[in-house]
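What follows is the residue order along each chain.
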Amino acid sequence: MREFAYRVSHCDHSRLAALEVFARSLPRVAVREPFVEPAWPGSRPAETWFAAVLRGLLRNRGFGVRELPFMGLARSTLYQMVWRWETNPHRRQQLCAVAGPLGWTLPDLFAVADEPYSKEVRPMLHCHHLGRVFAAAVPLTTAQLIEVATEADRLSVREDHGAWQPVSQGFADACPDLVR
């Protein structure tokens, strides 16, 4: 999932739209047995209601904290967010960072987090269009995820550096839904 998220996060908006269509066009494989959700290894149970909601949203996309694309937040901050969501001066920036990969608009995620929202608040790197591709990929098999990641590389014309790099492009500034 980390490799998939990284590769997809290098696509701009037009390429994300094409990638979402591509992911949704792949055949869905019938599930032979009920899904049993594995526990997050080594993580503490969520202690606050929004931490539990955020953890559930991440798991719904097939992500743990380690699989998320680079969002401008430290991994320790992300672990804190899914363990104990407390009042702090950085809450708005944290919500702005995670909304895009989850596929949520800022007003919607702010409402769920019971945080005041203003139109001046902007995503840091990724807007909700990235999360739409992740949501389209949820029912795909591993082989299909590899196929979508290969298509993301083809579309983004990203230069392969031969190793995973922690920073993706992020095209939030060019989001057609947020044009000022």
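As the structure is a computational prediction, the values presented were derived from the model and not from experiment.

Peer 1: I tried to follow the overall build of the chain on my own but got confused; where do I start?
Peer 2: The secondary structure content of the chain amounts to eight helices and zero strands. Secondary structure elements in the chain, listed N-terminal to C-terminal, are α-α-α-α-α-α-α-α. Taking all 180 residues of the chain together, the buried fraction comes to 42%. As presented, the chain carries roughly 10000 Å² of accessible surface, and 55% of it is formed by carbon and sulfur atoms.

Peer 1: Can you walk me through helix α3 (residues 49-60) in this structure?
Peer 2: An ideal rise of 1.5 Å per residue puts 16 Å on 12 residues; α3 measures up with 16 Å between its terminal C-alpha atoms. Turning to α3, its buried residues are Phe 50, Ala 51, Leu 54, Arg 55, Leu 57 and Leu 58. Looking straight down α3, one finds its buried side chains confined to an arc of 160°; they lie on one side. On the buried face of α3, the contacting elements are α4 (75-83), α5 (91-102) and α6 (106-112). Residue Gly 62 follows α3 closely and has a positive phi angle near 85°.

Peer 1: I keep staring at the nonpolar core and nothing clicks. Help me out?
Peer 2: Where a protein is soluble and globular, its nonpolar side chains tend to be buried together. Formed by 44 residues in total, the largest nonpolar core has its most connected members in Phe 4, Val 8, Leu 19, Leu 78 and Val 98. Residue contributions to this core peak at six residues, all from α5.

Peer 1: Honestly, empty space enclosed by the protein in this entry has me stumped. Any pointers?
Peer 2: Unfilled space is identified by rolling a water-sized probe across the atoms. Evaluation of the coordinates by the stated rule reveals three cavities of 30 Å³ or more. Around the largest cavity sit Val 8, Ser 9, Cys 11, His 13, Leu 16, His 126, Cys 127, Leu 130, Gly 170, Phe 171 and Ala 172, which together line it. Residue composition of the lining of the largest cavity, by class: seven nonpolar, four polar and no charged.

Peer 1: Is there a simple way to think about the environment of His 128 in this case?
Peer 2: Its location among the elements puts His 128 in helix α7 (residues 128-137). A residue is classified by how much of its surface remains accessible, and His 128, at 14% relative accessible area, is buried. On a C-alpha basis, the gap between His 128 and Asp 177 in space is 9.4 Å, while along the polypeptide they are 49 residues apart. For His 128, the contacting residues outside a window of four places in its chain are Gly 100, Gly 103, Trp 104, Thr 105 and Asp 177.

Peer 1: What's the story with the environment of Gln 144 in this structure? I'm lost.
Peer 2: Looking at where Gln 144 falls in the secondary structure, it is placed in helix α8 (residues 142-156). Taking C-alpha positions, Gln 144 is 9.6 Å from Arg 28, a pair spaced 116 residues apart along the chain. Ignoring sequence-local partners within four residues, the contact set of Gln 144 consists of Leu 26 and Pro 27.

Definitions and limits used
- Residues numbered from 1 in each chain as written.
- Predicted model: local features only at pLDDT ≥ 70, side-chain atom pairs only at ≥ 80, totals over all residues.
- Heavy atoms only, no water.
- Helix = DSSP H or I, 4+ residues; strand = E, 2+ residues; numbered from the N terminus.
- Buried < 20%, exposed > 50% of the residue type's maximum accessible area, 1.4 Å probe, protein only.
- Areas by Shrake-Rupley, 256 points an atom, 1.4 Å probe, with all protein chains shown as cover.
- Expected span 1.5 Å × (residues − 1).
- Arc of directions from axis to C-beta.
- Contact = heavy atoms within 4.5 Å.
- Core = buried A, V, L, I, M, F, W, Y, C linked by side-chain atoms within 4.5 Å.
- 1 Å grid on protein atoms, 1.4 Å probe; cavity = no way out; pocket = protein on both sides within 12 Å on 5 of 7 lines; lining within 4 Å.
- Points joined across faces, edges and corners; volume = space filled by probe spheres on them.
- Nonpolar A, V, L, I, M, F, W, Y, C, P; charged D, E, K, R; others polar.

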